[in-house]
Amino acid sequence: MKALQYRTIGAAPELVTVPDPEPGPGQVLLKVTAAGVCHSDIAVMSWPEKDFPYPLPLTLGHEGAGTIEALGDGVTGFAVGDSVAVYGPWGCGACPPCAGGRENYCLRAGELNIFPPGLGAPGAIAEYMIVDDARHLEPLDGLDPVETVPLTDAGLTPYHAIKRSLPKLVPGSTAVVIGAGGLGHVAIQLLRASSPARVIALDVSEDKLELARTVGAHETVISDAAAADRVRELTGGRGATAVFDFVGATPTTATAAGCVAVEGDITIIGIAGGTVPVGFGVLPFEVNVMAPYWGSREELHEVLDLARAGSVKVHVETFAMADAPLAYERLHSGKINGRAVILPNG
């Protein structure tokens, strides 16, 4: 089968031919319908050799959807031909967080060498992929796999982050979304669907700000050194009740700290290395600073229910398998507006 692999530290991903996988006991073989392309893949491929945590070659793609091609011994609850999405943050299934469906916070994944697909385990940018356990499958039940596959990360990750702040996002509150790209434009829709908060979107790109307005942002602001002051102006000096930073670079975390309100939340989702200093007098009083990771199995189910209700729709740009390396080039250069999706069997 064809697969897109990261094979050499510092090199571009390559389209290669590898043996077709076969499911072992308890595993599921998917014929991949759609696979998402994420900035975190680019971050992984930017790590130096001394810090690289995964074995190479690595088949990329941690957002996957497909049809079940074969079931390993002992698998129940699914049938060949079922259309499913893949829950990505695999865990041990037995520790306290996993028992509650929060495998994104598995306590033993590192110890047991359990990795998400595309982030250690073979991923979804391939004609076929192995899912380690049927509990990591979510039935699509009529949802379009191409439009839905980004929701397994670009929807689930912001949903998990936003859900933590919903008790504060009451009428009269303000939510700021920094970065209106693949995750940010979904976050705007999730905020509009789940809260009465006023939503202000920040980005350096006017194209992405236009997308933000299209999907429901009340206000848009160019993300620069003056952005925090502009947010304070728009909120009558109060600042933002909750700030969701989908970039996570030093300038954006500084903006988050500069525009958050007293008793507000700063949530850093982006992985560009920025930090927020915490200490008495450094931030407004009683500000919470959080850095969550992905989301739970239950939350993925909730996100897909929002998609079925028409409350969230991902703006996608599709690529054939032969153009998968190009998708990463375009993403790296900031030319993807929304989310890139590969069609391995399209």
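Reading the values: rules and limits
Residues numbered from 1 in each chain as written. Predicted model: local features only at pLDDT ≥ 70, side-chain atom pairs only at ≥ 80, totals over all residues. Heavy atoms only, no water. Pairing = 2+ DSSP bridges. Helix = DSSP H or I, 4+ residues; strand = E, 2+ residues; numbered from the N terminus. Right-handed = clockwise from strand over helix to strand, strands pointing away. Core = buried A, V, L, I, M, F, W, Y, C linked by side-chain atoms within 4.5 Å. Buried < 20%, exposed > 50% of the residue type's maximum accessible area, 1.4 Å probe, protein only. Contact = heavy atoms within 4.5 Å. Axes fitted to C-alpha atoms, helices over the stretch in contact; angles between N-to-C directions. Parallel < 35°, antiparallel > 145°, perpendicular 65-115°, else oblique. Nonpolar A, V, L, I, M, F, W, Y, C, P; charged D, E, K, R; others polar. Salt bridge = Lys/Arg side-chain N within 4 Å of Asp/Glu carboxyl O.

## Digging into the sheet that holds strand β4 (residues 58-59)
Spatially, the 3 strands line up as an open sheet ordered β2-β1-β4, and their pairing is antiparallel. Each of the sheet's edge strands pairs with one partner strand only, and the pair in question is β2 (14-17) and β4. Inspection of the sheet shows strand β1 (residues 2-6) paired to β2 by 4 bridges, in the antiparallel sense. Directly across from L4, in β2, lies its bridge partner L15.

## A short note on the pairing of strand β11 (residues 219-222)
Here strand β10 (residues 198-203) pairs with β11 via 4 bridges, running parallel. Looking across to β11, one finds that D203 is bridged to I222. Handedness of the β10-helix α6 (residues 206-214)-β11 crossover: right-handed.

## What to know about the nonpolar core
Among the nonpolar cores identified, the biggest contains 80 residues, and L30, I125, L137 and F244 are the most heavily contacted of them. The contact partners of F244, leaving out residues within four places of it in the chain, are A161, I162, S165, A175, V176, V177, I178, L191, T267 and I269.

## With respect to the packing of helix α4 (residues 156-165) against helix α9 (residues 297-308)
One way to put it is that α4 packs onto α9 with a least axis distance of 10 Å and a crossing angle of 105°. Between α4 and α9, the interaxial angle falls into the category roughly perpendicular. Contacts between α4 and α9 involve L156, Y159, H160 and K163 from the first element and E299, L300, E302, V303 and L306 from the second. For the contact of α4 with α9, the residue count by class is 5 nonpolar, 1 polar and 3 charged.

## Observations regarding the pattern of salt bridges
This model, assessed by the stated rule, comprises 16 salt bridges. We note a salt bridge from E63 to R339, for which the minimum N-O separation is 2.6 Å. Of this pair, E63 sits in strand β5 (residues 63-71) while R339 sits in strand β16 (residues 339-343), placing them 276 residues apart in sequence. Judged by its relative accessible area of 4%, R339 is buried. Across the pair D305 and R308 runs a salt bridge whose closest N-O atoms are separated by 2.8 Å. Placement of both D305 and R308 in helix α9 is noted, with a separation of 3 residues, approximately one turn of the helix. One salt-bridge network, held together by shared partners, links E103, D133, R135 and R297.

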